[in-house]
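The primary structure of each chain is shown beneath.
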There are 6 protein chains.
Amino acid sequence: MAQWDIQHVMLDLKQARQDWRKSQQRLREMGGRELPSKQQLKNILNQLCGILFPMRLGPADLRQETEDHYIAYSLDRVLSDLLQQVKLTLAYRQKYHQAIDTGTVSQSDWQNNLSRHAEDIVQDFANNLAKIRRLIDADVAAAYRGDPAAHSVDEVLLCYPGIFAMIYHRISHQLYPDVPLLSRVISELAHSATGIDIHPGAQIGQGCFIDHGTGVVIGETCIIGERVRIYQAVTLGAKRFELTEAGQLKKDYARHPIIENDVVIYAGATLLGRITIGEGSTIGGNVWLTHSVPANSSIMQSPTASQQKSKST
Amino acid sequence: MAQWDIQHVMLDLKQARQDWRKSQQRLREMGGRELPSKQQLKNILNQLCGILFPMRLGPADLRQETEDHYIAYSLDRVLSDLLQQVKLTLAYRQKYHQAIDTGTVSQSDWQNNLSRHAEDIVQDFANNLAKIRRLIDADVAAAYRGDPAAHSVDEVLLCYPGIFAMIYHRISHQLYPDVPLLSRVISELAHSATGIDIHPGAQIGQGCFIDHGTGVVIGETCIIGERVRIYQAVTLGAKRFELTEAGQLKKDYARHPIIENDVVIYAGATLLGRITIGEGSTIGGNVWLTHSVPANSSIMQSPTASQQKSKST
Amino acid sequence: MAQWDIQHVMLDLKQARQDWRKSQQRLREMGGRELPSKQQLKNILNQLCGILFPMRLGPADLRQETEDHYIAYSLDRVLSDLLQQVKLTLAYRQKYHQAIDTGTVSQSDWQNNLSRHAEDIVQDFANNLAKIRRLIDADVAAAYRGDPAAHSVDEVLLCYPGIFAMIYHRISHQLYPDVPLLSRVISELAHSATGIDIHPGAQIGQGCFIDHGTGVVIGETCIIGERVRIYQAVTLGAKRFELTEAGQLKKDYARHPIIENDVVIYAGATLLGRITIGEGSTIGGNVWLTHSVPANSSIMQSPTASQQKSKST
Amino acid sequence: MAQWDIQHVMLDLKQARQDWRKSQQRLREMGGRELPSKQQLKNILNQLCGILFPMRLGPADLRQETEDHYIAYSLDRVLSDLLQQVKLTLAYRQKYHQAIDTGTVSQSDWQNNLSRHAEDIVQDFANNLAKIRRLIDADVAAAYRGDPAAHSVDEVLLCYPGIFAMIYHRISHQLYPDVPLLSRVISELAHSATGIDIHPGAQIGQGCFIDHGTGVVIGETCIIGERVRIYQAVTLGAKRFELTEAGQLKKDYARHPIIENDVVIYAGATLLGRITIGEGSTIGGNVWLTHSVPANSSIMQSPTASQQKSKST
Amino acid sequence: MAQWDIQHVMLDLKQARQDWRKSQQRLREMGGRELPSKQQLKNILNQLCGILFPMRLGPADLRQETEDHYIAYSLDRVLSDLLQQVKLTLAYRQKYHQAIDTGTVSQSDWQNNLSRHAEDIVQDFANNLAKIRRLIDADVAAAYRGDPAAHSVDEVLLCYPGIFAMIYHRISHQLYPDVPLLSRVISELAHSATGIDIHPGAQIGQGCFIDHGTGVVIGETCIIGERVRIYQAVTLGAKRFELTEAGQLKKDYARHPIIENDVVIYAGATLLGRITIGEGSTIGGNVWLTHSVPANSSIMQSPTASQQKSKST
Amino acid sequence: MAQWDIQHVMLDLKQARQDWRKSQQRLREMGGRELPSKQQLKNILNQLCGILFPMRLGPADLRQETEDHYIAYSLDRVLSDLLQQVKLTLAYRQKYHQAIDTGTVSQSDWQNNLSRHAEDIVQDFANNLAKIRRLIDADVAAAYRGDPAAHSVDEVLLCYPGIFAMIYHRISHQLYPDVPLLSRVISELAHSATGIDIHPGAQIGQGCFIDHGTGVVIGETCIIGERVRIYQAVTLGAKRFELTEAGQLKKDYARHPIIENDVVIYAGATLLGRITIGEGSTIGGNVWLTHSVPANSSIMQSPTASQQKSKST
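This one's a predicted model, so the numbers in the text were calculated from it and none came from an experiment.

Cut-off values and rules
Residues numbered from 1 in each chain as written. Chains lettered and ligands numbered in written order. Predicted model: local features only at pLDDT ≥ 70, side-chain atom pairs only at ≥ 80, totals over all residues. Heavy atoms only, no water. Helix = DSSP H or I, 4+ residues; strand = E, 2+ residues; numbered from the N terminus. Buried < 20%, exposed > 50% of the residue type's maximum accessible area, 1.4 Å probe, protein only. Contact = heavy atoms within 4.5 Å. Areas by Shrake-Rupley, 256 points an atom, 1.4 Å probe, with all protein chains shown as cover. Lys, Arg positive; Asp, Glu negative; His and termini not counted. Charge placed at Lys NZ, Arg CZ, Asp CG, Glu CD. Buried area = accessible area lost by both parts, 1.4 Å probe. Salt bridge = Lys/Arg side-chain N within 4 Å of Asp/Glu carboxyl O. Polar contact = N/O pair within 3.5 Å; in protein donor to acceptor, adjacent residues only side chain to side chain. Nonpolar A, V, L, I, M, F, W, Y, C, P; charged D, E, K, R; others polar. Expected span 1.5 Å × (residues − 1). Pairing = 2+ DSSP bridges. pLDDT = per-residue confidence, 0-100. Least-squares fit on C-alpha atoms with pLDDT ≥ 70 in both. Axes fitted to C-alpha atoms, helices over the stretch in contact; angles between N-to-C directions. Parallel < 35°, antiparallel > 145°, perpendicular 65-115°, else oblique. Domains from an automatic or database assignment. Phe/Tyr/Trp six-rings, centres within 6.5 Å; stacked < 30°, edge-to-face > 60°.

## Some details on the overall build of chain A
Here is step 1 of the chain: Check the secondary structure of chain A and you find nine helices and 14 strands.
Here is step 2 of the chain: Its C-alpha atoms put chain A at 70 × 60 × 55 Å along the principal axes.
Here is step 3 of the chain: Across the 313 residues that make up chain A, the buried fraction comes to 61%.
Here is step 4 of the chain: A sequence separation of at least 24 residues applies to 47% of the contacts in chain A between residues at least 6 apart.
Here is step 5 of the chain: Per element, the accessible surface of chain A, about 11700 Å² overall, is 48% carbon and sulfur.
Here is step 6 of the chain: Seen as two clouds, the 32 positive and the 33 negative side-chain charges of chain A have centres 6 Å apart.

Laid out in structure tokens, this is it:
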């Protein structure tokens, strides 16, 4: 059996960690981990899918007679699991972004406040679940209407990555104002599963249909209206990044497109900056667009741009 | 321990479900779930990979001496598992698309007919497994020949997402005429794992090599010849969707490209509509193409289209 | 219970395998499987992530007080697991690429040599772990600096697919010269999870930030400098493949771009061939580039190329 | 890697199986397995314990607010699982004990009859669950009253092997008349876990307390009254086995003791044959008893029987 | 798919639970479960065995070079898991046995006190682990010395149920004064695995060897000296149970035997009541003993008691 | 989060381990663990049960058509797993019991010899599997004939702990001469599951039926004839232990009973020492017997020994 020079490697890694912590002003011991868990959130989202769509995404042996019981029981468990993750996220934010003013707040009061805050967030999330379900129902109906290859609404719910991404987005978006880090983990779970990268901050109206979806990027401050259709590899991004006077990136300002109702954006189109795409417009495939267009515009890539050197014989 | 207002949320969700079912004319109780299971199909496909390539994708401790026994035993189990999923899919289709004419067919006869039909489908699938293996062997050989970075055929089988996608496609394509919904679930499993989205209806000849593959979309009615090479982010899509006289999407008509033998399509090219790319043609990267081209064409993006504002100093 | 014609299918599959083995000159029995295991490597990489970043990617209940113990214990196990995979890979290469000259080397000496070689590789890998950690720390810091949506370095480590891909790449790159097949499996694990396809041979300097990342392809012989920023769907590929005099693909020659320090490449840009992008240059979105550009160039797609047929009303 | 002479061993085993099947007149092929599954029944019993005692043996994160929902949902699933096992058991019995008279009953009618019968058995079982719960409550109360070491009724339910055995017995006894083989599997699960071997046929009144329990044997035709206390290693067995005129064992006749109300039987006592222990009697430790005793008897082992050769110094 | 009358059964079970809770004065809602978890404690004990004997009961791939690291890391985790179970047990006891005087102690102070108490218990337990290890080492050595069938001390540790039972007992005995319910769960885990039923309250000196062990019962108030040997089916029990003036069982008084140093008790012997077996005595198989004996006694069953009706021919 | 004084406890445990190793002359480092694994052997025995009785103890979805394939494939895997355990056991014995004479045997020759030896043991074991199957078939038939409560041979195989114990014994007995430690682990697995403790060295003829079985002990040097019936709590043990001249236990000499053909031994009987029970004898319940009896003896406990103080009223 081989013997590794474990001690040496361990010490090298320790030094690397210390250098990092020093560079991040984190030399004080933190005790336990205070970050939400990717695996836990994956389980929670799986459960929530079953609760939202019990007969289609719930357990295979569920029967309609007991679906309410299943929902009540599972919901109680999944909300408690979510509560744990929300608490971790809140505690992380407080430790990372602001020192606890130990002079004015006791450790146990701090803990109690954090718990109450977390419970409010989770209850509020629960109260919005039926609203989320209705939004996704509209997304499913839109996909069925919009894709000639779709043979039933159930196929859409079961198979379409765009719907998967919308379920995850509508959940993460609901949680975003309170626990942004947790929401980002959820959106990355969807990104990894579908190739569709929707920032949890993006506001998306009902009946949104993303087809195929691989490579779609929708930025943090996007506002998307109702009944919008988006194809694979579409980017709704920032044009350039503004700097603060200190020369650092400005964060958290409106820098992504506004897409009004009933817009269609074909595959590979790139829309950058705080521009507005007017209601009912169509943006063609591979178009590169950095300025606003009025309602009912139809923007296409120049047909002459390609095909120059056709040398058919 | 926090207490959630479960009852309230449960009733809201119930109302949302009822509204959906009402909108879909599904108010009658359905009993159990009649949809194929993603997780089950994932397991089945994993098993089938091991059966097709026992020494390379089968269990790590398998030895060549017993590979036939492994195949016989595993095949018996996996076909029974597949039978279950096929039955669910058939039953779903019958319930969803057409009412059972209870006047002419008894419940038990219906069940028997469905079982017999499902068994025929699965036996037929089994009979085609060796053909599928030979097709994928040709795909592997093509990838090895076509990629300077490939060092062995086994590396290709083990590592290339394009091969993964082709295995899944050749399986789902075989099942597509009988159980399209089930085939769609299989193709989405491959899409999620590889970023390559091939509709199970697409007809693909032998020796097809998709390199890198992320973002590739191949539509339902595509016909692809032999020895075709396709790079990442290539779209073989529909140009526009035709409407029926009632103003709804026409479904199931030929609307995707025909790619003849020995064509190469470079990364990011977008080919739309029922066009034909003649034998031996080369389509350059990022090309946008909506009309047919004759054999041996070479279509490239205009070199002047980019690089306008080079301001090197 | 249905009965399948197992015997028949089994024999068909056997014939298909034999035809393949014959075509590959592999008719001699091989005994057991000698290929690295995807699942094993997935577990190993998971463990290595926990060892590199114990408090953020390690087990949820780990505490800072015992992180060194956790690392020492886990490292010992994971290096032994890796040793297994390295041995399989070495044995595969020797069997596949060169016959064992049984005249000069005994079976047991061969085994011993292989073991010693494998142990050297793994020890060398272990010795480089701290260096890898420091490189990734720089990548994380670069991502935090470069993305206005990033709210903390921990969010970057936890959520950014570009960081996930860089961790896997820096590990697979370290192993690439000795066990290229194993490295390829690792890079495909990252590709499948993130949509970012970095060949393990690519050389990437510190502080590399790949944002969103879906569809990024970085070829085998790329050389990327420090502080480079790359957006989704960027291809750093080969322009064309050279053939040997025998008419087969030339393998293993420099055929991908060199990207110098501080370059930014926006979404969808395609850079092909052994070109050099000079220090500090900016390559715009969707640009198609096949020649070198000097330092501080700014290459943009022609604004007139798209938007030709705007027909707003 | 070692190579075993698999073929040879496989054929030897085949011959051994054929010899056995020939000796049992089972040479006809049976198709699939038609025996209840130990592992399945273990899961089912685990679930039933949680349904009977949700807050004490149910899932750790269950809360009283949702216990009814938990029960309704779990019960639906567990009854379906049980139905499967009941069907297997019925089918086995019919195949093993009596040939199907194919002349009078069609295969599909036979299947339907069997299903209906199985459903009746399971529904009847479900209807008796509350009765079973009440019986076990009485057993728990009796144990708490009867053991000075017991500190709470919950400790009794959680820790006492006698209670574990009684839960399993009361369930298996309920099922015994219809599916005796299945009941025997259940009783052996309890025997293996506790060392208490109660035949599912035994009739046991309420408030039965078996303390420590290892080695207790209670035979098939025992009748035990209310509030009986039994200690470890007590045997309530048959005295001798009667033979039929053909010289084979007579099966299924009353051959085990009747224990009337409020009897106490101390450790190691052996009671054999169809004897009656009168109400309120006490049977001492290690007593060997093969005749009936009237009410309120106190039977003790002779104190002089042991201790003969005390050679204390 | 069968449909059960779930609603009806659910309501019957609810009524049964309410009747029980009423009979136990527990009608107030309790919220969550506050009982230690059998499964959790099973995992904890498994871990503790690995920590106490890393190279023999620890993970199979552990190596001596890293055993300290393994212990430190595992211990930290297992103590936290144990802390959870201790807290549940303390909370249960307080709720069950005594009302919280809400007038004098706030809910949050109560929680803090409970946490502090639990942490003290667990730290104290940790501090005693090395002492426990030494005791078990002496038990192992005694078994090796005492059994002609034992070929090595490692065989004893690995295979002897008596040693398994002693490991569990020495752990549960350490925890008994503080969390008796939790200790009882641990002792029942050992009872179920070995058939040896040692109450956690029993005091057992070092070098105790229980051979075979099935059916051994050692009562709560037993005191056992050093180097005692006990064979299968030995009972060290209470003779009779005393009643309080109220006619209920007296609990918690000395009622089991005292066994002095170097005593041997052969299989099936029954020793009842608060008697003392003097140092160095031998108690023969199946002996029934209810009075004290002086040092060096040898108590045997009368040889004439059996073998009366030898009718050899 | 609580913080434990891990460092202190770790060092205490280290000291305890060192004291033990010193007392056992094991201060040299051993590297990895060289003991068979309980969990691995449990899995191996489970597999072997399925291979011996495929349609009754094999996987639930196995069908008779493919049972040979199942056996061939599983056998290959399970023999390789067993080989691992045999190697560990052989290496342990050589290290523990005899120093490797490094002067005459090289490390690599030693390894090769050990491997060859292990392979011979496993191949020999495989060759005897059919014989073992036939022996157990006879045990099953004997149990069915001997128990009025048995309704079919399948019930016996599925439910009778005596059969479970005999399967394990016949396997462990086969391996005992070569790898006794491994055999002891197997027999303890059966002991834990059934309460029946059969030493792997015991020789047991065909058609042996152990009913109920809890508490049965059968010693290392027992010789049991054919068609013997044994009830619960029977001990076939050693009478006293002989000492060597050095005052230590003599090991490995014949010290347990010889039971000739067709003997019946009723519950609780204790037979001690190298005595012979003549063919066809019956030993009554609770009998204590330490001398040989001739053929056809009937030994019963004195009826007057108990029941002295009957005080029926």
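## Topic: the interface of chain C and chain B
Here is step 1 of the chain: Taken together, the contact between chain C and chain B spans 68 residues of the former and 68 residues of the latter.
Here is step 2 of the chain: Across the interface of chain C and chain B, roughly 5900 Å² is buried in total on both sides, 56% from carbon and sulfur atoms.
Here is step 3 of the chain: Counting the contacts that link chain C with chain B gives six salt bridges.
Here is step 4 of the chain: A salt bridge links C:Arg184 to B:Glu155, with the nearest nitrogen and oxygen atoms 3.2 Å apart.
Here is step 5 of the chain: Applying the counting rule to chain C against chain B returns 14 residue pairs in polar contact (both at pLDDT 80 or more).
Here is step 6 of the chain: Sorting the residues of the side of chain C that touches chain B by element identifies α1 (6-23), α4 (67-97), α9 (180-194), β13 (288-289) and β14 (298-299) of chain C as the ones contributing at least two each.
Here is step 7 of the chain: With 13 residues, the top contributor of residues to the side of chain C that touches chain B is α1(C).
Here is step 8 of the chain: Its residues placed into classes, the side of chain C that touches chain B shows 27 nonpolar, 23 polar and 18 charged.

## What about helix α2 (residues 38-52) of chain F?
Here is step 1 of the chain: Spanning 15 residues, α2(F) covers 21 Å between terminal C-alpha atoms, matching the ideal 21 Å at 1.5 Å per step.
Here is step 2 of the chain: Among the residues making up α2(F), those that are buried are F:Leu41, F:Ile44, F:Leu45, F:Leu48, F:Cys49, F:Gly50, F:Ile51 and F:Leu52.

## A look at the sheet that holds strand β8 (residues 258-259) of chain B
Here is step 1 of the chain: On the basis of which strands lie adjacent, the open sheet formed by four strands has the order β2-β5-β8-β11 (chain B) and parallel pairing. Pairing within the sheet leaves two strands with one partner each, and these edge strands are β2 (203-204) and β11 (276-277) of chain B.

## Some remarks on the confidence of the model for chain A
Residue and element names in this part refer to chain A.
Here is step 1 of the chain: With 91% of its residues at a pLDDT of 70 or more, chain A has an overall mean of 89.
Here is step 2 of the chain: Below a pLDDT of 50 lies the segment residues 304-313, which in the model reaches 29 contacts outside its immediate sequence neighbourhood of four places, other chains included.
Here is step 3 of the chain: Among the scores for the predicted complex, ipTM is 0.91 and pTM is 0.93.

## Brief notes about the relation of the copies chain B and chain A
Here is step 1 of the chain: Least-squares fitting of chain B to chain A yields an RMSD of 0.1 Å, with the superposition described by an axial translation of 0.0 Å and a rotation of 120°. Each copy turns onto its partner about a three-fold axis.
Here is step 2 of the chain: Looking at the interface residues of chain B, only 7% of them are also at the interface in chain A, so each copy uses its own face.

## A closer look at the interface of chain B and chain A
Here is step 1 of the chain: At the interface, 69 residues of chain B touch 67 residues of chain A.
Here is step 2 of the chain: Taken together, the two surfaces of chain B and chain A that pack against each other cover about 5900 Å², and 56% of this comes from carbon and sulfur.
Here is step 3 of the chain: Across the chain B-chain A interface, the total number found is six salt bridges.
Here is step 4 of the chain: Note that B:Asp19 is salt-bridged to A:Arg134, the shortest N-O span being 2.7 Å.
Here is step 5 of the chain: There are 14 residue pairs in polar contact (both at pLDDT 80 or more) connecting chain B and chain A.
Here is step 6 of the chain: Within the residue set of the side of chain B that touches chain A, elements represented by two or more residues are α1 (6-23), α4 (67-97), α9 (180-194), β13 (288-289) and β14 (298-299) of chain B.

## A look at the sheet that holds strand β7 (residues 235-237) of chain F
Residues and elements named next belong to chain F.
Here is step 1 of the chain: A sheet is described by the order of its strands in space; here five strands give the open sequence β1-β4-β7-β10-β13, paired in parallel fashion. Either end of the sheet is taken by a strand with one partner, and the two such strands are β1 (197-198) and β13 (288-289).
Here is step 2 of the chain: With two bridges joining them, strand β10 (residues 270-272) and β13 adopt parallel strand pairing. Across the sheet, Leu-271 pairs through a bridge with Leu-289, a residue of β13.

## Points about the relation of the copies chain C and chain B
Here is step 1 of the chain: By a simple turn and slide, chain C fits onto chain B: the slide is 0.0 Å along the axis, the RMSD is 0.0 Å, and the turn is 120°.
Here is step 2 of the chain: Of the residues that chain C buries at the interface, just 7% are likewise interface residues in chain B, meaning the two copies contact each other through different surfaces.

## Considering the packing of helix α2 (residues 38-52) of chain B against α9(B)
All names here are of chain B.
Here is step 1 of the chain: Running from amino to carboxyl end, α2 crosses α9 at an angle of 70°, the nearest separation of the two axes being 10 Å. Here α2 is positioned roughly perpendicular relative to α9, judged by the angle of their axes. From α2, Lys-38, Leu-41, Lys-42 and Leu-45 reach across to α9, where they touch Leu-182, Val-185, Ile-186 and Leu-189.
Here is step 2 of the chain: Of the residues contributing to the contact of α2 with α9, the split by class is six nonpolar, no polar and two charged.

## Overview of the domain arrangement of chain A
Residues and elements named next belong to chain A.
Here is step 1 of the chain: Domain boundaries in chain A define domain 1 (33-195) and domain 2 (202-313).
Here is step 2 of the chain: A straight line from the C-alpha centre of domain 1 to that of domain 2 covers 27 Å.
Here is step 3 of the chain: On the domain 1 side of the contact with domain 2, Met-166, His-169 and Gly-195 bury the most area, a combined 25% of that side's loss.
Here is step 4 of the chain: Our count for the domain 1 to domain 2 interface comes out at eight residue pairs in polar contact (both at pLDDT 80 or more).
Here is step 5 of the chain: Those elements that provide at least two residues to the side of domain 1 that touches domain 2 are α6 (129-146) and α8 (161-175).

## Description of the side chain of A:Arg63
Here is step 1 of the chain: Along the chain, the position of A:Arg63 falls in the loop between α3 (54-57) and α4 (67-97).
Here is step 2 of the chain: At 2.6 Å, the side chain of A:Arg63 forms a polar contact with the side chain of D:Asp76.

## Quick notes on the packing of aromatic side chains
Here is step 1 of the chain: In this structure the tally under the stated criterion is 27 aromatic pairs over all chains.
Here is step 2 of the chain: Ring centres 6.2 Å apart and planes at 40° place the aromatic pair F:Tyr160 and F:Phe209 in the tilted group. Within this pair, whereas F:Tyr160 is found in the loop between α7 (153-159) and α8 (161-175), its partner F:Phe209 is found in strand β3 (residues 209-210), the two being separated by 49 residues in sequence.
Here is step 3 of the chain: Ring plane angle 15° and centroid distance 4.5 Å describe the contact between F:Phe164 and F:Tyr168, whose orientation is recorded as stacked. Separated by four residues within a single helix, F:Phe164 and F:Tyr168 lie in helix α8, roughly one turn from each other.
Here is step 4 of the chain: Here F:Phe164 falls in the partly exposed class, since its relative accessible area comes to 26%.
Here is step 5 of the chain: Among the aromatic residues, those joined into a cluster by ring pairs are A:Tyr70, A:Tyr73, D:Tyr70 and D:Tyr73.

## A few points about the side chain of B:Thr214
Here is step 1 of the chain: Locating B:Thr214 in the fold gives a position in the loop between β3 (209-210) and β4 (217-218).
Here is step 2 of the chain: Within the structure, B:Thr214 has its side chain in polar contact with the side chain of C:His191 (distance 2.6 Å).
Here is step 3 of the chain: Residues contacting B:Thr214, with those up to four places away along its chain left out, are A:Thr214, B:Thr194, B:Gly195, B:Ile196, B:Gln232, B:Ala233, C:His191, C:Gly195, C:Thr214 and C:Gly215.

## Things to note about the pattern of salt bridges
Here is step 1 of the chain: In this structure the tally under the stated criterion is 84 salt bridges over all chains.
Here is step 2 of the chain: In this structure, D:Glu220 and D:Arg255 form a salt bridge, with 3.0 Å as the shortest nitrogen-oxygen distance. On the criterion of sequence distance, the pair formed by D:Glu220 in the loop between β4 (217-218) and β5 (223-224) and D:Arg255 in the loop between β7 (235-237) and β8 (258-259) is long-range, its members being 35 residues apart. D:Arg255 shares its class with D:Glu220; the two are buried.
Here is step 3 of the chain: Because the salt bridges share partners, they merge into one network encompassing A:Lys14, A:Arg17, A:Arg21, C:Glu67 and C:Asp68.

## Details of helix α6 (residues 129-146) of chain E
Here is step 1 of the chain: The first and last C-alpha atoms of α6(E) sit 25 Å apart over 18 residues, in line with the 26 Å expected at 1.5 Å per residue.
Here is step 2 of the chain: Most of α6(E) sits inside the fold, with 13 of its 18 residues counted as buried.

## Quick look at the environment of F:Ala267
Residue and element names in this part refer to chain F.
Here is step 1 of the chain: Along the polypeptide, Ala-267 turns up in the loop between β9 (264-265) and β10.
Here is step 2 of the chain: According to the relative accessible area criterion, Ala-267 is buried, its value standing at 12%.
Here is step 3 of the chain: The sequence separation of Ala-267 and Gln-203 amounts to 64 residues, and the corresponding C-alpha distance is 21 Å.
Here is step 4 of the chain: Beyond its immediate sequence surroundings of up to four residues, Ala-267 is in contact with Tyr-231, Gln-232, Val-234, Gly-285 and Asn-286.

## Focus on the environment of E:Tyr92
Here is step 1 of the chain: Structurally, the position occupied by E:Tyr92 is in helix α4 (residues 67-97).
Here is step 2 of the chain: C-alpha separation for the pair E:Tyr92 and E:Leu181, spaced 89 residues apart in sequence, amounts to 9.3 Å.
Here is step 3 of the chain: Discounting chain neighbours no more than four positions away, the residues touching E:Tyr92 are D:Ser152, D:Asp154, E:Arg26, E:Glu34, E:Leu35 and E:Leu181.

## A word on the environment of C:Tyr266
All names here are of chain C.
Here is step 1 of the chain: With respect to the helices, strands and loops of the structure, Tyr-266 is situated in the loop between β9 (264-265) and β10 (270-272).
Here is step 2 of the chain: Between the C-alpha atoms of Tyr-266 and Leu-11, which are 255 residues apart in sequence, the distance is 53 Å.
Here is step 3 of the chain: Dropping the residues within four chain positions of it, Tyr-266 is found in contact with Tyr-231, Val-234, Thr-282, Ile-283, Gly-284 and Gly-285.

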